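Here is what each chain is made of, one letter per residue.
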2 protein chains.
Amino acid sequence: MQVHLDEVETRIKQQAAEFDPAVEGYVTYAIGGQGKRLRPLVALLSGGATGQIRDAHLNLAVVLELIHVATLVHDDIMDEAERRRGQATVNARWGNALSVLVGDCLFAQALNLSTTFDNGDISRSIAQAAREVCSGEIIQTQRRFDLHLGIDDYLRILEMKTGSLFAVAAELGAVINEVPEETARTLKRFGMKIGTAYQIYDDCLDIAGNESIIGKTLGTDLRKGKLTLPVLMLLKSASASDREQYCRFIVEGKSEEMTDVLRNDAAGAPLTAAIDAGTSLIVEAQRDLDVLKPGVHAEALGQLCDALRELLDQLHD
Amino acid sequence: MQVHLDEVETRIKQQAAEFDPAVEGYVTYAIGGQGKRLRPLVALLSGGATGQIRDAHLNLAVVLELIHVATLVHDDIMDEAERRRGQATVNARWGNALSVLVGDCLFAQALNLSTTFDNGDISRSIAQAAREVCSGEIIQTQRRFDLHLGIDDYLRILEMKTGSLFAVAAELGAVINEVPEETARTLKRFGMKIGTAYQIYDDCLDIAGNESIIGKTLGTDLRKGKLTLPVLMLLKSASASDREQYCRFIVEGKSEEMTDVLRNDAAGAPLTAAIDAGTSLIVEAQRDLDVLKPGVHAEALGQLCDALRELLDQLHD
């Protein structure tokens, strides 16, 4: 099976060369590192599974990754994160001012490349997804330390900030091949689910992961007051007196104490419950794949789901 | 003469409504205030002067203003500015994290609206201008406190960070009317010159202006190590010993001392020289307007130049 991820990688790297030489180095650095290129992968596989992987799919993959990297660069400023994708973050290396601008450059370049699609609906969908991502981040920022955040609100934030880019990756991969609308809609739902599940995984990783293996700064969510699914599930299942103590930990920024509780609370097992919620979403997503004709690319989308489930499973250990 | 700036204002305000209700308020705030809407004005007048002001001109005007406001929101983070357009900056009101995201939202919405042009070249030119703006800002950030910054380097930065949006405003206003290429190119040069001159004005204002009248935080350039034209001209014309002292002021962050020198240095008069450089650019730009057929809109572009010259002149007092 040809997926052309290497060609996407080459094109991602080429984006840097379109900038002024004084700027190129920062862009090269930001788009480098050990990114998993999940959104490009979904776009390409969706293309392969609904017809042919065309030049437009490669550009779609690059645009989505550029938008994603732009948001990562800006996230790392807000989280004051030191490491990302196995290297120092842009803000750790060159400060916040420059990081704001590097993120903007990546956005501008994504905008630039997204003008190459013949079908205006494609760039429109991408732009709307980018708006969803930023809006989701704003709502999450607004609701930091908000102990009344409900699980539904939280899941809606994840759909916006992470689900939406995966959703357009899967949807537009199909739209480029001019499939029936219903197929594209189903794939959009598929993308939304795996994107949301992936963010649940990422949120659990922030609590349960090992920094030196993962290659990025962990524990930032709690420090920054971001209440993620394991925390919300802990608060929901705790006794009144425990809940009161946990709320105090959160508000007073005692993130290590909270992490200990979450890692060791055998009774409520909120971390397990959160991981299971992610797994359920992936199981649902796999059912959406029935819309596809059998083939290597459809199968690879199923395998991607398996791999995400495996990642979630490993968090149990 | 109908310029439809009020319709542009309405459309700018409508952009906020396209966001999630939780986000709308921030966007409304960011695009509010007493903005001069210069880029929209240039786009509309260029449209009127080369044919008709069409719906696409109104959208062009809105897109350019959204990009501009996005960069202002991000600039104010980097400058730690407190006031802008007569109101508290987004960062002063809601902090840096939220401001990064509000700027991103505005970029995303600009991207969104720029997909409405039938002619893909238009959105491409806008995207390239946005990239120039961010790249110019990066280079300026890189070269803070760089006492070897040349006047040519500085002018190139201004062309990128401010000239380019004015340039596409004038150019695309004409392109939408399908004028001969040479006319569009001349108008692009016109826009580049008035944009650059306007930034020279803005830079001089940061030194010579009155904060309570202007409605924004002044003196930030020197504090942040941004060496603007008056400073560069002072360093160039100063005696070796004076130069050494000025360099010390700059590096040690003694921005008030530097401002005093710049405001009062009667001999070298670098502030006057900088103002005159801005005026010369506008005089050149006015000559470019000869490419236009006489009419009310062409005349209004000339009057805009007169108004910019008047602004520069007032700095002499």
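Quick note: structure is the one above.
Please read all numbers here as calculations on a predicted model, not as lab measurements.

Each value, and the rule that gives it
- Residues numbered from 1 in each chain as written.
- Chains lettered and ligands numbered in written order.
- Predicted model: local features only at pLDDT ≥ 70, side-chain atom pairs only at ≥ 80, totals over all residues.
- Heavy atoms only, no water.
- Phe/Tyr/Trp six-rings, centres within 6.5 Å; stacked < 30°, edge-to-face > 60°.
- Helix = DSSP H or I, 4+ residues; strand = E, 2+ residues; numbered from the N terminus.
- Buried < 20%, exposed > 50% of the residue type's maximum accessible area, 1.4 Å probe, protein only.
- Contact = heavy atoms within 4.5 Å.
- Buried area = accessible area lost by both parts, 1.4 Å probe.
- Salt bridge = Lys/Arg side-chain N within 4 Å of Asp/Glu carboxyl O.
- Core = buried A, V, L, I, M, F, W, Y, C linked by side-chain atoms within 4.5 Å.
- Least-squares fit on C-alpha atoms with pLDDT ≥ 70 in both.

Chemist: An account of the packing of aromatic side chains is requested, with residue identities and associated values reported.
Modeler: Taken as a whole and assessed by the stated rule, the structure comprises 8 aromatic pairs over all chains. Note on Phe166 of chain A and Tyr198 of chain A: the rings are 6.2 Å apart at their centroids and 50 degrees apart in plane angle, and the pair reads as tilted. Taken together, the residues span a long stretch of sequence, with Phe166 of chain A in helix α8 (residues 151–175) and Tyr198 of chain A in helix α9 (residues 181–208) at a distance of 32 residues. When its relative accessible area of 2% is taken as the criterion, Phe166 of chain A is described as buried. On the numbers, 5.1 Å between centres and 85 degrees between planes, the contact of Tyr29 of chain B with Trp94 of chain B is edge-to-face. Taken as a pair, Tyr29 of chain B in helix α2 (residues 21–31) and Trp94 of chain B in helix α5 (residues 90–94) lie far apart in primary sequence, 65 residues in all. Residue class for Tyr29 of chain B comes out buried when judged on its relative accessible area of 15%.

Chemist: Now, about the interface of chain A and chain B: what can you tell me, with residues and values included?
Modeler: On the side of chain B, 38 residues touch chain A, which itself brings 39 residues to the contact. When the two sides are added together, the surface that chain A and chain B hide from each other amounts to roughly 3600 Å², 71% of it contributed by carbon and sulfur. Along the contact surface separating chain A from chain B lie 2 salt bridges. Salt-bridge contacts for Glu18 of chain B lead to Arg131 of chain A; the nearest nitrogen and oxygen are separated by 3.3 Å.

Chemist: Give a detailed account of the nonpolar core, specifying residues and quantitative values.
Modeler: Within the largest apolar cluster, 216 residues are counted, with the highest numbers of intra-cluster contacts made by Leu106 of chain A together with Leu106 of chain B. With residues up to four places along the chain from it excluded, the contact list for Leu106 of chain A reads Val27, Ala30, Ile31, Leu66, Val69, Ala70 and Val73 of chain A.

Chemist: Any details on the relation of the copies chain A and chain B? Residues and values, ideally.
Modeler: After a rotation of 180 degrees and a shift along the axis of 0.0 Å, chain A superposes on chain B with an RMSD of 0.0 Å. Such a combination of rotation and displacement between the chain copies is what one expects of a two-fold axis. Residue Leu111 of chain A of chain A places its C-alpha closer to the rotation axis than any other residue of that unit, at 3.1 Å.

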